[in-house]
Each structure stands twice: as C-alpha cells, then as structure tokens.
Amino acid sequence: MNHGAGRFAPSPSGELHVGNLRTALLAWLFARSTGRRFILRVEDLDRARAGAEAVQLRDLAAVGLDWDGEVVRQTERGSLYDDAIARLTAAGLTYECYCTRREIQEAPSAPHAPQGAYPGTCRDLTEAQRARRRAERPAAIRLRAGVTEWAVTDGLHGRYTGVVDDFVLRRNDGVVAYNLAVVVDDAAQGVDQVVRGDDLLPSTPRQAYLAGLLGVRVPSYAHVPLVLNPAGRRLAKRDGAVTLAALALLGVPAEQVTALLLESLGLPSALGDALRDFRPEALPRDPWVLHPAALTARARPRELSG
C-alpha cells in the first residue's frame, strides 16, 4: 500500500464540464492504480460561486469517483500559507512589489531574463523607495528566486524545463497566489502524485523550485492532454451540452458520460474494468477533440422522445 496521495482540486467557479471530469477520472485512476489515497481539495481562494462546490462534488460522485477523508478548502488554510511566507521572508527570500500589470508589461526585460519573466523592478528598492511606493498602493509579496529556470520530470512529457522568475506569493489584495497555495497544500496533505491538465505544465517548474525552498517533497507529475472543441480550442461550457446537468436534460445519463470518457482514453467503459487495465504508458498523448454528437449519441431514445 502506497501511503502517499493523489488529488483532484477544482475551483468552485461553476459546473464541471466533461473535460474537467475526464481529468478527474485520470487523477483517480493514477492514484487508485498505485495504492494511493485520493483526496479532493476545493481551491476557493479566488473564484467561488455559491452552490458550485456541492454541484461539483455531486457530479464527481455521479461519474463513479470516491475519495478519502473530508474535502479540504483553501479558505480554511490561511495559517499554513502565512507560515510558509514567514519562513521564506525570514530566509531573505521575499520582497515587496508595487508594480501594476501595466508597469510590468511596459518595463524593459532584465538582462538574460527569460521571455515573460518578471523584470525585477522592485527587487532592490531602497527602504526609502519602498516607503514611498507603499504609500501609493498595497504591496504584493514576491519570491526572490535564485534561478531563472528549473527542470521537472513529467510522467507523460518527460524532462521539462521552464521559467522560474520572482513570482508572486501573495497578491496586493492579500489573496495567496496559486503557486504558493498548491505547494503548501500538497505537502500538508501528503500529496506525492499530481495529475492535472497539461495547460498547467508551464507553471510546474516554479512550484517544484518553491517546494525545494520550503523543504518539502516534490510530487511526481503527470500532465494529461486536454479536451478540445471541434475548433481546436479548450473545451468550455459555452460549447453546448458539456455538463452532466445539460446532458441529463438530453437523456444522457452520467454512467454513459463515464463510459465515453473512459473509451476516449482507450479503456473499458466500466470504471472497475478501466482501473484493472489502467497503464499510464498506454494513455493517448494528444488532446481529445470532442464533437457534440459524440455526447448526444449516448442519449437513451425513450428519454429523448419523452
């Protein structure tokens, strides 16, 4: 029995669509096939819509997923984030930043800095300069990074090297930034396996580097392909009936959605059979292009006609 954990961590901003559910199924399969616990964490620091969490949990259960322990919410974990930032600050690894987005966009890049990296405008301000800027606007807290890039090993993508700049740890509105929260949460919950969409791969080197600074274990990573619409863009709810609730109105039950998602991964349509046959190395590496007819074809005729 592996004593680590995998996780799925949605933001409660609305209903999950089938792309989200496919990633959740994959995270569950990765965890359960390796004897790990599977936990749910609601990442509600920034985007929370009333009632969305309950709907998301209902939909995850409807496609057959179970999880271990109580659901954890980031808004309940502020002391952990405060402690992490305090430790980094005590080590001289943070500084105040007063830049607006426009100032960052218009600032010249620092010499030899990777494209898109924070240019270091506030990195070496004097105390007098900080006092003057502090009177103008609240400060964000940035990491004082000692590298410009970092490499991680991904279970599907192999070795990946990405930018590490002086990224934000706490925004100037007081909200903790995702890159800090996810590292602290994963460490506190014993998460040693992170399975998520491959759109998050570019941020992973920052998180792995930060984990090292905090002295916590870097998880193993597997960034899975997204679901795209027929135009080749990431699937979204505006693409039609792509949530369980919308599909139910068309006569497509949740178990049929589960079957379709598993089949798109080359797995048997029953979740138990899929778990038995699951092999990460056999997973598709390309995005899955979802055509609306693939979902509505699963409708039960008598329900459509009724």
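Data block above holds the structure.
Calculation notes
- Residues numbered from 1 in each chain as written.
- Predicted model: local features only at pLDDT ≥ 70, side-chain atom pairs only at ≥ 80, totals over all residues.
- Heavy atoms only, no water.
- Buried < 20%, exposed > 50% of the residue type's maximum accessible area, 1.4 Å probe, protein only.
- Helix = DSSP H or I, 4+ residues; strand = E, 2+ residues; numbered from the N terminus.
- Contact = heavy atoms within 4.5 Å.
- Core = buried A, V, L, I, M, F, W, Y, C linked by side-chain atoms within 4.5 Å.
- Salt bridge = Lys/Arg side-chain N within 4 Å of Asp/Glu carboxyl O.

Asker: Tell me about helix α6 (residues 178–188), residues and numbers included.
Answerer: With eight of its 11 residues buried, α6 lies for the most part within the structure. Buried within α6 we find Asn179, Leu180, Ala181, Val182, Val183, Val184, Asp185 and Asp186. Check the buried side of α6 and you find it contacts β1 (5–8), β2 (37–42), α3 (78–90), β8 (168–170), β9 (193–197) and α7 (204–214). Looking one or two places after α6, you find Gly190, whose phi comes out positive at around 70 degrees.

Asker: Before we move on, can you summarise α7 with the specific residues and values?
Answerer: Each turn of an α-helix holds 3.6 residues, which means side chains three or four residues apart point in the same direction. Counting buried positions over the 11 residues of α7 gives nine, a clear majority of the element. All buried positions along α7 are accounted for by Thr204, Pro205, Arg206, Gln207, Ala208, Tyr209, Leu210, Ala211 and Leu214. Looking at the residues trailing α7, positive phi occurs at Gly215, about 75 degrees.

Asker: With reference to specific residues and values, describe the side chain of Arg206.
Answerer: Inspection of the secondary structure assignment puts Arg206 in helix α7. Ignoring any residue separated from it by four or fewer positions in sequence, one finds Arg206 in contact with Val163, Val164, Asp165, Phe167 and Asn179.

Asker: Give a detailed account of the nonpolar core, specifying residues and quantitative values.
Answerer: One finds Val18, Leu26, Leu29, Phe30, Leu60 and Leu65 to be the most contacted residues of the largest nonpolar core, which totals 45 residues. Of all the secondary structure elements, the ones that give two or more residues to this core are α1 (18–33), β2, α2 (52–62), β10 (220–224), α8 (244–249), α9 (254–264) and α10 (271–277). At 10 residues, α1 tops the list of elements feeding residues into this core. Those residues in contact with Phe30 that sit more than four places away from it in its chain are Gln193, Val195, Ala222, Val224, Phe278, Pro280 and Leu283.

Asker: Give a description of the pattern of salt bridges that names residues and reports values.
Answerer: Per the stated rule, a full pass over the model turns up 27 salt bridges. A salt bridge links Asp186 to Arg7, with the nearest nitrogen and oxygen atoms 3.1 Å apart. Of this pair, Asp186 sits in helix α6 while Arg7 sits in strand β1, and the two are 179 residues apart along the sequence. For the pair Asp186 and Arg7, one class covers both residues: buried. Residue Arg73 is joined to Glu76 by a salt bridge in which the shortest nitrogen-to-oxygen separation is 3.5 Å. Accessibility expressed as a relative area gives 55% for Glu76, which makes it exposed. Shared partners join several salt bridges into a network, and the residues in it are Arg7, Arg41, Glu43, Arg77, Asp185 and Asp186.

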